[in-house]
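Tertiary structure, described
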Amino acid sequence: MVLLQISEPGQSPEPHQRRRAVGIDLGTTNSLVATIRSGTPETLTDSEHLHLLPSVVHYGASGSVDVGRAAYAQSSEDPLNTLISVKRFMGRGIEDIKTLGSQLPYEMVASDSGMPNFKTVAGDISPVSASAEILQVLIERAESALDGALDGAVITVPAYFDEAQRQATKDAPTLA
């Protein structure tokens, strides 16, 4: 997936070329994907016609990965392997995470990248990898709704994110 080249009206080298492009809000609590159809913004739904995807990833002992509502349903039974609000950990160091609160249900382990990983039954999972799982579901939703592979996407990044957090957010779609 690539970022789209933005051109001024009348300046595009191929103004009538149709492209499949989306905007993705990779949220802390929920995420969603949207596109423009006939000049009108439209959020894209899943097979159950729901717009929001809970930003939750569950890693199972069998190697299964659930994202969204299915993952959230397992959060009370298997909190160590159900990652919620991973966006809060993007681009943060182990010392930063200690300031987020002592009530985190996760076991964190150091990594070479400087960002701590979540210790799960599937192995050590980085916040970027978990975010990539969420993005992959949104990309699949968009490709299904738009009947083909995406030409590009724009992903939101909060204004308050520092450079490390922005870079981690940019790494997630590359991994997805």
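Above: the structure in question.
Below you will find a few notes about this structure. This is a predicted model, so every value here is computed, not measured.

Glancing now at the sheet that holds strand β7 (residues 82-84). Taken in spatial order, the three strands line up as β6-β5-β7 in an open sheet, and their pairing is antiparallel. Strand pairing shows two members of the sheet lacking a second neighbour, β6 (65-67) and β7, which therefore form its edges. Between one strand axis and the next, the sheet turns by 15° as a mean value, whatever way the strands run.

At Ser 38, a residue that is not glycine, the phi angle is positive and equals roughly 55°. You can call Ser 38 exposed: its relative accessible area is 81%. Unusually for a residue other than glycine, Asp 147 sits at a positive phi of about 55°. If you trace the backbone, Asp 147 turns up in the loop between α3 (127-145) and β11 (152-155).

Looking at the element boundaries, Glu 42 is found in strand β3 (residues 40-43). Residue classification places Glu 42 among the partly exposed positions, given a relative accessible area of 30%. A polar contact is formed between the side chain of Glu 42 and the side chain of Arg 37, at a distance of 3.2 Å.

Here three bridges tie strand β1 (residues 21-25) to strand β2 (residues 30-37), and the two strands are oriented antiparallel to one another. Its bridge partner being in β2, Ile 24 is matched across the sheet by Val 33. In this antiparallel pair of consecutive strands, β1 and β2, the connection spans four residues. As paired elements, β2 and strand β4 (residues 53-54) share two bridges and run antiparallel to each other. For Ser 31, the partnering residue across the bridge sits in β4 and is Leu 53. One ladder, built from four bridges, connects β2 with β3; its direction is antiparallel. The residue bridging Ala 34 from the neighbouring strand is Thr 43, located in β3. Hairpin connection, β2 to β3: the antiparallel pair is bridged by two residues, and Ser 38 has positive phi, about 55°.

This part covers the pattern of salt bridges. Oppositely charged side chains can pair when the atoms bearing their charge come close. Counted under the stated rule, the structure contains three salt bridges. Between Glu 163 and Arg 166 there is a salt bridge whose closest N-O contact spans 3.3 Å. Taken as a pair, Glu 163 and Arg 166 lie in helix α4 (residues 163-175) at a separation of three residues, close to a single helical turn. Residue classification places Arg 166 among the partly exposed positions, given a relative accessible area of 32%.

What follows is about the packing of aromatic side chains. Taken as a whole, this structure holds four aromatic pairs when the rule is applied. Note on Phe 89 and Tyr 106: the rings are 6.0 Å apart at their centroids and 80° apart in plane angle, and the pair reads as edge-to-face. Of this pair, Phe 89 sits in the loop between β7 and α2 (94-98) while Tyr 106 sits in the loop between α2 and β8 (108-109), placing them 17 residues apart in sequence. By the burial criterion, Phe 89 is buried, and Tyr 106 matches it. Here Tyr 160 and Phe 161 contribute two aromatic rings whose centre-to-centre distance is 5.5 Å and whose plane-to-plane angle is 80°, an arrangement assigned as edge-to-face. Ring pairs connect the aromatic residues Phe 89, Tyr 106 and Phe 118, which therefore count as one cluster.

This brings us to the nonpolar core. Val 22, Ile 24, Val 33, Leu 83, Ala 130 and Ile 134 are the most contacted members of the largest nonpolar core, which has 31 residues in total. Elements with a contribution of two residues or more to this core: β1, β5 (56-59), α3, β11 and α4. For this core, the leading source of residues is α3, giving seven residues. Once you skip the residues sitting within four places of it in the chain, Val 33 turns out to touch Val 22, Gly 23, Ile 24, Glu 42, Thr 43, Leu 44, Leu 138, Arg 141 and Ala 142.

Conventions used here
- Residues numbered from 1 in each chain as written.
- Predicted model: local features only at pLDDT ≥ 70, side-chain atom pairs only at ≥ 80, totals over all residues.
- Heavy atoms only, no water.
- Pairing = 2+ DSSP bridges.
- Helix = DSSP H or I, 4+ residues; strand = E, 2+ residues; numbered from the N terminus.
- Axes fitted to C-alpha atoms, helices over the stretch in contact; angles between N-to-C directions.
- Buried < 20%, exposed > 50% of the residue type's maximum accessible area, 1.4 Å probe, protein only.
- Polar contact = N/O pair within 3.5 Å; in protein donor to acceptor, adjacent residues only side chain to side chain.
- Salt bridge = Lys/Arg side-chain N within 4 Å of Asp/Glu carboxyl O.
- Phe/Tyr/Trp six-rings, centres within 6.5 Å; stacked < 30°, edge-to-face > 60°.
- Core = buried A, V, L, I, M, F, W, Y, C linked by side-chain atoms within 4.5 Å.
- Contact = heavy atoms within 4.5 Å.

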